[in-house]
Amino acid sequence: MFIKEKQGFKYPFQTTKNGIPLADLADNQTTISLVAEDEKDSFFFRSLEKQGIYLNNSQLQAVRTTDGPVLIIAGAGSGKTRVLTCRTAYLLTFKDDLKPEEVLLVSFTRKAATEMLERIKLLPGLSTSIANRIVSGTFHSIFLRLLRSHNYRADILSNSKYQEILMTQILRDLSLVDSYEPESLLSLISHYKSQMILPRHLEVTTPIEKEIQRIYMAYEQLKEKKNLMDFDDILLETYYLLKYNHEVREQLQNRFKYICIDEYQDTNLEQHEIMRLLLNKSQNLLAVGDEDQSIYNFRSSSPEFILNLKKEFPNLTQITLDTNYRSTNAIVGLGNDLIKHNTKRIGKVLKATKEAETTPIYLRPKDSDHEAKLIVDNIVADTQNGNRRFKDYTILYRGSVRKMRIYNVKEIKI
Ligand SMILES: Nc1ncnc2c1ncn2[C@@H]1O[C@H](COP(=O)(O)OP(=O)(O)OP(=O)(O)O)[C@@H](O)[C@H]1O
């Protein structure tokens, strides 16, 4: 037991196999053999191939499935961006009369949105001027533009320090300055807003709940007085605009013939509802995501929306991109074995394209000090026996506390 704990465990908890489980290797069929010369869209795939862009079977299916609601479950490193960009190019090539400005591409970060457009520009039949006409960006950037075009003039409260100053002012006015942390109150209010819970919707019974409601109301009033909008207001105001202004809603429904939303596992209620209001009768929605990579629960996003799409859209086409192009079969296999213990998932088993020459060591430490010690022990043993030098190692950690624990293990000198 002691030796096992000291060295870590070589395979994941509850696994039935010995050693690191290896993922199956994917077959290497691509559009070259999957798309015959006489198919009407073959010229498109031939042009992609000329640029070195090959698609596997499920990627090809995802690119060709253009109409109605579609969910692409995209495992890590499975070529999601390749599929999204090629599908957009495919739409613009094969949908007669479809204009780039009728395609809405929503990404989760500005960086992802920019990368997507940069890649689209290079695809066959496209150009910078065409790509720039696609409506692309994050939920916040796209819908802030919409609000501005409908005369929403409030300034955006983008500075969190200033937001905290406003909150402190409110707490002072309510004589509650010693009772609450402005930062915690702001994140609680943000959580309510992303769930579309306004102050009047709060169920208040205890004195603390009543206080929170008063603070929330005062915050909203102060913002209004100062003509300010916070980030959550951008989506809330968009939701109300679309819901209650039929003209604007219909105009946008007519305009956006194809809507694509990336990282769907990280959407929240506001974003999901906005998507529903924007969809027209043809329901040309492409939701892309991976419930196994849901990481923004703390920001009120929920994988439930991706898990429930099938119920909401009974005619949903679901395609799984299950081939990982980045990692070896040992890393993919280890990932498969760990993630299968998650309970809320659609479920998939990733295949790999690269065969492992070395296998990862899987450690299951008792706590973070133990984790730091196991990592350092492995590195020190490897360097002492001359296999590697310290500079051969990279340590990735989730937060600076972890980093400090590793540095505090005395064998490592910085
Ligand atoms: N069919 C394919 N054949 C060969 N390589 C591919 C194929 N599809 C994707 N790749 C490669 O796999 C890698 C991951 O692709 P891409 O960045 O599109 O994936 P992703 O799913 O968006 O990644 P992430 O895990 O960051 O979401 C890239 O290096 C890409 O070139």
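Residues take numbers from 1 onward in each chain, read along the sequence in its written order. For a predicted model such as this one, the threshold for reporting local features is a pLDDT of at least 70, and the threshold for listing and counting side-chain atom pairs is 80 or more; totals across whole chains, interfaces and linings nevertheless cover every residue. Excluding hydrogens and water, the side-chain values take into account all heavy atoms of the structure.

Examining the sheet that holds strand β7 (residues 285-289)
Alright, step 1. Here we have six strands laid out as an open sheet, ordered β3-β2-β6-β7-β1-β8, and parallel in their pairing. The two strands at the open ends of the sheet, each matched to only one other strand, are β3 (135-138) and β8 (317-321). Geometrically, the sheet is characterised by an average inter-axis angle of 15° between neighbouring strands, direction not taken into account.
Alright, step 2. The pairing of strand β1 (residues 70-74) with β8 spans five bridges and is parallel. Following the sheet pairing, Val 70 is matched in β8 by Thr 317.
Alright, step 3. Those strands touched by helix α5 (residues 80-94) are β1, β2 (103-107), β6 (258-261), β7 and β8, and its axis lies near 165° from that of β7. When DSSP finds two or more bridges between a pair of strands, those strands are recorded as paired. A helix here means a DSSP run of H or I that spans at least four residues, while a strand means a run of E at least two residues long, and both kinds are numbered starting from the N terminus. All axes here are fitted lines through C-alpha atoms, helices being fitted over the stretch that makes contact, and every angle between N-to-C directions spans 0 to 180 degrees. Note on contacts: a residue pair qualifies if any of its non-hydrogen atoms lie within 4.5 Å across the two residues.

Some remarks on the site of the ligand
Alright, step 1. For this purpose, a residue is taken to be near a molecule or strand whenever a single non-hydrogen atom of the residue falls within 4 Å of it. With respect to spatial proximity, 14 residues lie near the ligand, and among them Gln 59, Gly 77, Lys 80, Thr 81 and Arg 82 are the closest.
Alright, step 2. Definition of a polar contact: a pair of N or O atoms within 3.5 Å, with one able to donate and the other able to accept a hydrogen when the atoms are protein atoms, and with sequence-neighbouring residues admitted only if both atoms are side-chain atoms. Contacts to the ligand include Gln 59, whose side-chain N or O atom sits 2.8 Å from a nitrogen atom.
Alright, step 3. One of the side-chain N or O atoms of Arg 326 is found 2.9 Å from an oxygen atom in the ligand.
Alright, step 4. Surface burial for the ligand is 70%, taken as the share of its 640 Å² of free accessible area covered by protein chains.
Alright, step 5. Among the elements of the structure, α5 and β9 (323-328) are those that each provide at least two residues to the shell around the ligand.
Alright, step 6. In terms of residues, the shell around the ligand owes the most to one element, α5, which gives three residues.
Alright, step 7. For the shell around the ligand, the residue count by class is four nonpolar, six polar and four charged. Here the open area of atoms and residues is found with the Shrake-Rupley method and a 1.4 Å probe, where only the protein chains shown may cover a residue. Side-chain classes are defined by residue name, with Ala, Val, Leu, Ile, Met, Phe, Trp, Tyr, Cys and Pro counting as nonpolar, Asp, Glu, Lys and Arg as charged, and the others, Gly among them, as polar.

Brief notes about the side chain of Ser 42
Alright, step 1. Looking at the secondary structure, you find Ser 42 in helix α3 (residues 42-50).
Alright, step 2. Note on exposure labels: buried denotes an accessible area under 20% of the residue type's maximum, exposed denotes more than 50%, and partly exposed covers the range between, all computed with a 1.4 Å probe on protein chains only. When its relative accessible area of 6% is taken as the criterion, Ser 42 is described as buried.
Alright, step 3. Each residue touching Ser 42, except ones within four places of it in the same chain, is listed here: Val 35, Ala 36 and Glu 37.

A closer look at the domain arrangement of the chain
Alright, step 1. Along its sequence, the chain is organised into domain 1 (45-147 + 236-354) and domain 2 (155-226).
Alright, step 2. Distance from the C-alpha centre of domain 1 to the C-alpha centre of domain 2: 34 Å.
Alright, step 3. Contact residues are listed per partner, giving 10 residues for domain 1 and seven residues for domain 2.
Alright, step 4. As a working definition, buried area equals the accessible area (1.4 Å probe) given up by two parts on being put together, with both sides summed. Of the roughly 730 Å² buried between domain 1 and domain 2, counting both surfaces, carbon and sulfur atoms make up 68%.
Alright, step 5. Here domain 1 is connected to domain 2 by zero residue pairs in polar contact (both at pLDDT 80 or more).
Alright, step 6. Mapped by element, the contributors of at least two residues to the side of domain 1 that touches domain 2 are α12 (231-244) and α14 (269-278).
Alright, step 7. Counted by class, the side of domain 1 that touches domain 2 contains five nonpolar, two polar and three charged residues. By convention here, the domain bounds are inherited from an automatic or database domain assignment.

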